[in-house]
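Next come the chains, spelled out residue by residue.
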Amino acid sequence: MILTFEKRSYKNQELRIKFPDNPEKFMDSELDLNDIIQEMHVIATMPDLYHLLVELNAVQSLLGLLSHENTDILFSKCTYVVDLLQELTDIDTLHESEEGAEVLIDALVSDTGQVVALLVQNMERLDEQVKEEADGVYNTLAIIENMAEFRPGLCTEAAQQGLMQWLLKRIKAKMPFDANKLYCSEILAILLQNNDNTRELLGELDGIDVLLQQLSVFKRHNPATAEEQEMMENLFDSLCSCLMLAANRDRFLKGEGLQLMNLMLREKKMSRTSALKVLDHSMIGPEGSDNCHKFVDILGLRTIFPLFMKTPKKMKKAGVSEKEHEEHVCSIIASMLRNLKAQQRSRLLSKFTENDCEKVDRLMELHFKYLEAVQSADKRIEGEKHDMVRRGEIIDDAIEDEFYLRRLDAGLFVLQLVCCIMVEISNAGIPQLQQRVHQILNLRGGSVKVVRHIMREYIENIGDGKSDEFRESEQKRIMELLDNF
């Protein structure tokens, strides 16, 4: 079959060179070639034979067809090649024979293969107004998704081979929303996951502005369909990923991202939940300092504190748990307490004293709510550990990790954030705040000792992946606050 394919491919190429301006002369050979490419789909059912595709050079020949300038006959050949590659790289098929899959992917992404660069060039030439060619774009994105899922390390290279640029161009194209735009948003989110190289590239290509422009549509309007909502979430996820990189925080600030998120929170549309998450990502850690100051300057405190005082019912309807909402809001307030200086800090602290310290009362209410949840999870976990020891079972790291995740599920991180805020405001030099915190702690049978214990656990896990210098200075800072609590 591969031999037949090679012969037909060669014949087609020969006739094209001989009669470049006379398609009729090579039309038959074109159809013959398409037929054999169709027949080759059967190989996708036998991934353990993939090594033959590579050894007999068929992969290079297929990729060669992709790079042909083929404007005369509607890219039918390219479309056939894309269909075949999509089926060969189907993720379930790849997992059937890891060995065959490795060999195929190696050949596709090698320096001679450079499949992503070729696929991107091919998509550039497709006209999505034509259904077959729009399908070609969709199937091309499927090939990229399959390869990225099988080998996540590919993402950086793929993004650099023109894919990131093409995705951003396609996402901002003035075209009606369709399946391809949704798929582009998915691929973008995949490329940016846990990858600082692609996050940096997106920033350099003005991608932060593209994301903000696309999301601004949802400021006053909800997505029209479930698919459009999915695209909106993908774009928000991409933005959150990008904000993990310090340089992009600055681009977000200059692109007036804070103003957009603040408006979304006020408009109370579907985008509100994700806007909260983006704000959290933009302010966290020392890199979030400029964003924290700007947020106060644009009167963001007026937006965030009503959300702190009461979790909106709509949030629950949007499928967001109360815990998730409260975690983001508390994280934003904790970041501001950590980062704000001078009059912006004073404005934040005065929020806690207004209306007879109602914000402190709410803070303490959250403290006892999550303390109770975490303590009852701890009790169950202790019981299970006791039973395991009695049965002679070993509690290894994997089981300990599972227990820790259950504590997080119960609200451990929110509890830690709430304690952070308590300790910060108690050390702010405003006697009224410190007195109120301790008064409610005593009244409800809480204790300073418990708060210290929670904060020590928080300190141990601080700054994951951050520099040791940041970790140490932050631990020292919190320990000093705790000593004076």
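Let us look at the structure shown here. Counting starts from 1 at the beginning of each chain's written sequence and moves along it residue by residue. Selection of residues for local features in this predicted model requires a pLDDT of at least 70, selection of side-chain atom pairs for listing and counting requires 80 or more, and totals for whole chains, interfaces and linings are taken over all residues. Think of the side-chain values as coming from all heavy atoms in the structure, minus any hydrogens and water.

### Topic: the overall build of the chain
In DSSP terms, a helix is any run of H or I states spanning at least four residues, a strand is any run of E spanning at least two, and both are numbered starting from the N terminus. Looking only at helices and strands, the chain features 27 helices and zero strands. Considering only C-alpha atoms, the chain reaches an extent of 90 × 60 × 40 Å along its principal axes. Burial classification: accessible surface area is computed with a 1.4 Å probe over protein chains only, and a residue below 20% of its type maximum counts as buried, one above 50% as exposed, and the rest as partly exposed. Put simply, the chain has 485 residues, and 51% of those count as buried. Pairs at least 24 residues apart make up 76% of the contacts formed inside the chain by residues separated by at least 6 positions. Throughout, the Shrake-Rupley method with a 1.4 Å probe supplies accessible areas, and for residues the shown protein chains are the sole cover considered. Total accessible area on the chain is roughly 23200 Å²; 50% of this is exposed by carbon and sulfur atoms. Asp and Glu are treated as the negative residues and Lys and Arg as the positive ones, with His and the ends of the chain left uncounted. Every charge is mapped to an atom, namely NZ of Lys, CZ of Arg, CG of Asp or CD of Glu. Taken together, the 58 basic and 82 acidic charged side chains of the chain have centroids lying 11 Å from each other. By definition in these notes, contact holds between two residues if any of their heavy atoms fall within 4.5 Å.

### Describing the packing of aromatic side chains
Any aromatic ring pair is given by two values, namely how distant the centres are and how the planes are angled relative to each other. Pairing of aromatic rings covers Phe, Tyr and the six-membered ring of Trp, with a centre-to-centre limit of 6.5 Å; geometry is then stacked below 30 degrees between planes, edge-to-face above 60, and tilted otherwise. Tallied over the entire structure, the rule returns three aromatic pairs. With 6.0 Å between their ring centres and 85 degrees between their planes, F305 and F308 make a pair best called edge-to-face. With F305 and F308 both in helix α19 (residues 301-309) and three residues apart, this pair spans about one turn of that helix. For the residue pair F305 and F308, the accessibility class agrees, reading buried in each case. Among the aromatic residues, those joined into a ring-pair cluster are F305, F308 and F352. Between K25 and the ring centre of F19, over which it is positioned, the NZ or CZ distance is 5.4 Å. Our definition puts a charge over a ring when NZ of Lys or CZ of Arg is within 6 Å of the ring centre and also within 35 degrees of the ring normal.

### Some details on the packing of helix α4 (residues 58-66) against helix α7 (residues 98-109)
Axis definition: a line fitted to C-alpha atoms, over the contacting stretch in the case of helices. Angles run 0 to 180 degrees between N-to-C directions. It is the contact of α4 with α7, at a shortest axis distance of 10 Å, that shows an interaxial angle of 45 degrees. In terms of their interaxial angle, α4 and α7 are classed as oblique. Of the two possible hands of crossing, α4 and α7 adopt the one that is right-handed. Residues V59, Q60 and L63 of α4 touch α7, and the partners they reach there are L104, A107 and L108. Under the grouping applied here, Gly and all other residues not named as nonpolar or charged are polar, the nonpolar ones being Ala, Val, Leu, Ile, Met, Phe, Trp, Tyr, Cys and Pro and the charged ones Asp, Glu, Lys and Arg. Among the residues making up the contact of α4 with α7, the classes are represented as five nonpolar, one polar and no charged. Roughly parallel refers to an angle under 35 degrees, roughly antiparallel to one over 145, roughly perpendicular to one between 65 and 115, and oblique to any angle outside these ranges. Each crossing gets its hand from how the near helix is turned against the far one by less than a right angle, where anticlockwise is left-handed and clockwise is right-handed.

### Here we look at the pattern of salt bridges
Salt bridge, as used here: a side-chain nitrogen of Lys or Arg that lies within 4 Å of a carboxyl oxygen of Asp or Glu. Within the structure shown, the criterion is met by 31 salt bridges. Salt-bridge contacts for K369 lead to E322; the nearest nitrogen and oxygen are separated by 3.0 Å. With K369 in helix α22 (residues 342-390) and E322 in helix α21 (residues 322-339), this residue pair connects regions lying 47 residues apart in the sequence. For K369, a relative accessible area of 34% puts it in the partly exposed group. You can call E322 partly exposed: its relative accessible area is 31%. Residues K359 and E354 are paired through a salt bridge, measuring 3.0 Å at the closest nitrogen-oxygen approach. On the accessibility criterion, E354 (30% relative accessible area) is partly exposed. Ionic contacts of the salt-bridge type, sharing partners, join the residues E322, E326, R362, E365 and K369 into one network.

### What about the nonpolar core?
Soluble globular proteins tend to pack their nonpolar side chains together in the buried interior. Membership of the largest hydrophobic core comes to 146 residues, with the highest contact counts inside it found for L163, L239, M261, M336 and I425. Examining the composition of this core, we find that 13 residues originate from one element, α22, more than from any other. Setting aside its immediate chain neighbours within four residues, L163 contacts V116, V120, M123, I144, A158, I187 and L191. By nonpolar core is meant a set of buried Ala, Val, Leu, Ile, Met, Phe, Trp, Tyr and Cys residues that side-chain atoms within 4.5 Å join together.

### Observations regarding the environment of D83
Following the sequence through the fold, D83 ends up in helix α5 (residues 76-88). Spatially, the C-alpha atom of D83 lies 18 Å from that of R8, the residues being 75 residues apart in sequence. Residues contacting D83, with those up to four places away along its chain left out, are H41 and N139.

### Side note on the side chain of K359
Summarising the element assignment, K359 is placed in helix α22. Look at K359 and you get buried, because its relative accessible area is 3%. Polar contacts, as counted here, are pairs of nitrogen or oxygen atoms within 3.5 Å of one another; within protein the pair requires one atom able to donate a hydrogen and one able to accept it, and residues that are adjacent in sequence qualify only if both atoms are side-chain atoms. There is a polar contact of 3.0 Å between the side chain of K359 and the side chain of E354. Residues within four places of K359 in sequence aside, it is in contact with F305, F308, M309, K351, F352 and E354.

### Topic: α21
A helix is expected to span 1.5 Å for every residue after the first. Look at α21: 26 Å from first C-alpha to last across 18 residues, which is about the 26 Å you get at 1.5 Å a residue. For α21, a buried count of 13 out of 18 residues is recorded, marking the element as mostly surrounded by other parts of the structure.

### Thoughts on unusual backbone geometry
Phi at N194 takes a positive value of approximately 45 degrees, unusual for a residue other than glycine. If you trace the backbone, N194 turns up in the loop between α11 (179-192) and α12 (196-204). Located in the positive-phi region is N355, a residue other than glycine, with phi close to 50 degrees. The class for N355 is exposed, based on a relative accessible area of 52%.

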